[in-house]
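# Descriptive structure summary
Listed below, chain by chain, are the residues.
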Amino acid sequence: MPTAAVIGCGDVSSVHFGAIAKLDDVELVAVCDTDAGRLQAATDAYGVAGYADYLEMLDAVRPDVVHVCTPHHLHASLAAVCLERGVSVIVEKPLAHTLEEGRRLVEAAERSTAKIAVCFQNRYNATSQAIRRLLDDGRLGQVLGASATVMWHRTAEYYRDRPWRGTWAEGGGGLMMNQAIHTVDLLQWLVGDVTKVEGHASTRSLGGVIEVEDTAEFIAGHANGATSVFYATLANATNAPVTLDIVTENATLSLRGDLVVSYADGTQETVPERALESGGRAYWGVSHELLIKDFYAKLGDPAPFWISPAEAEKSLRIVKEIYAQSYPEISGQVG
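Residues numbered from 1 in each chain as written. Predicted model: local features only at pLDDT ≥ 70, side-chain atom pairs only at ≥ 80, totals over all residues. Heavy atoms only, no water.

### Description of the overall build of the protein
A count of helical and extended segments in the protein gives 13 helices and 14 strands. The C-alpha atoms of the protein give 20 Å as radius of gyration, which agrees with the globular expectation for 335 residues (20 Å, within 12%). Relative to its 335 residues, the protein shows a buried fraction of 54%. Residue pairs in contact within the protein that sit at least 24 positions apart in sequence constitute 69% of those at least 6 positions apart. In the structure as shown, the protein presents an accessible area of about 14,000 Å², 51% of it carried by carbon and sulfur atoms. Of the charged side chains in the protein, 27 are positive and 43 negative; the average position of the first set lies 1 Å away from that of the second. (Helix = DSSP H or I, 4+ residues; strand = E, 2+ residues; numbered from the N terminus. Rg over C-alpha atoms; globule rule 2.2 N^0.38 Å. Buried < 20%, exposed > 50% of the residue type's maximum accessible area, 1.4 Å probe, protein only. Contact = heavy atoms within 4.5 Å. Areas by Shrake-Rupley, 256 points an atom, 1.4 Å probe, with all protein chains shown as cover. Lys, Arg positive; Asp, Glu negative; His and termini not counted. Charge placed at Lys NZ, Arg CZ, Asp CG, Glu CD.)

### A look at the pattern of salt bridges
Applying the stated criterion across every chain yields a total of 21 salt bridges. One salt bridge in this structure joins Glu 313 and Arg 103, with 2.5 Å as the shortest N-O distance. With Glu 313 in helix α12 (residues 309-326) and Arg 103 in helix α5 (residues 99-111), this pair connects stretches of sequence that are 210 residues apart. With a relative accessible area of 6%, Glu 313 lands in the buried category. By relative accessible area, Arg 103 is classed as partly exposed at 30%. As a salt-bridge pair, Arg 132 and Asp 136 come within 2.8 Å of each other at their nearest N and O atoms. Of this pair, Arg 132 and Asp 136 both sit in helix α6 (residues 126-136), four residues apart, which is roughly one turn of that helix. Note on Arg 132: relative accessible area 19%, which makes it buried. The class for Asp 136 is exposed, based on a relative accessible area of 53%. Salt bridges sharing common partners tie together Arg 123, Asp 185, Asp 193, Glu 311 and Lys 314. (Salt bridge = Lys/Arg side-chain N within 4 Å of Asp/Glu carboxyl O.)

### Describing the packing of aromatic side chains
For the coordinates displayed, the defined rule picks out 10 aromatic pairs. An angle of 10° between the planes, with centres 4.7 Å apart, marks the rings of Phe 218 and Phe 230 as stacked. In this pair, Phe 218 is assigned in strand β9 (residues 215-222) and Phe 230 in strand β10 (residues 227-233), connecting sequence segments 12 residues apart. Here Phe 218 matches Phe 230 in class, with each residue buried. (Phe/Tyr/Trp six-rings, centres within 6.5 Å; stacked < 30°, edge-to-face > 60°.)

In structure tokens, the structure reads:
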């Protein structure tokens, strides 16, 4: 039976703990956090050993899999150490807070015999999987273009509660790194590899609270000739559903929670999304559990997990290119 440990017991760790608990053949053996309060709460909740030092934890319990749920600037370094020790990893997005750190993790994954997954869980959504199948079977013809929006809301208190979220040094960025990167990932995965991007990021509503962006837009050129447009903001009045529209020669696919496929002959079909469990946060998506379950099921497979660091590096490069265009005066800090 594989054993699991979780590093970082903040907000997103709850979905990892929940997913592990539903796997009958996986045993949670330890948790780790440098915050004493969060660590105590986790050890009390799950009845396992707690550690403030992740190296001590790795030495003491020797887990088969580590879930990295820390602030962004720790993702790559923690995951790389685990891989070097032959410990498999499920790491939250983004891959890393800088391109340099991301590249190091890609290389560490290539050297290691252990497996690693990056949590772009929305690829497992029923709607995302349906779009992928429809585009792959050829019936829809060539992809002509796409558009996507992320219209969400974050308050000053959200950033004051976890100050790292609003900094370049620890967050690696704002809206694009912490919220919209999921949709950036879907856009490049479904439409095709991005070969050119032009855009802008700025702080429109949270100036004086954060040093990173809360609003961004870009136009992307894809390897297959398609063009996509993207807009995201945290200044919306609420967390509206992510939108994704893909136009092909023979149909238009419109994602608004559920997926509606409108064919050129006037017919339509709807693919419903799975319902979110009560108490869950809709903006995280509904598929963390499916990704984590799939990862454990494939631990024994020789091939790398399909959402690998090399795959996750694609969306990181898009985001960092927007930052390079938007903040040339601090390009070294944002990259």
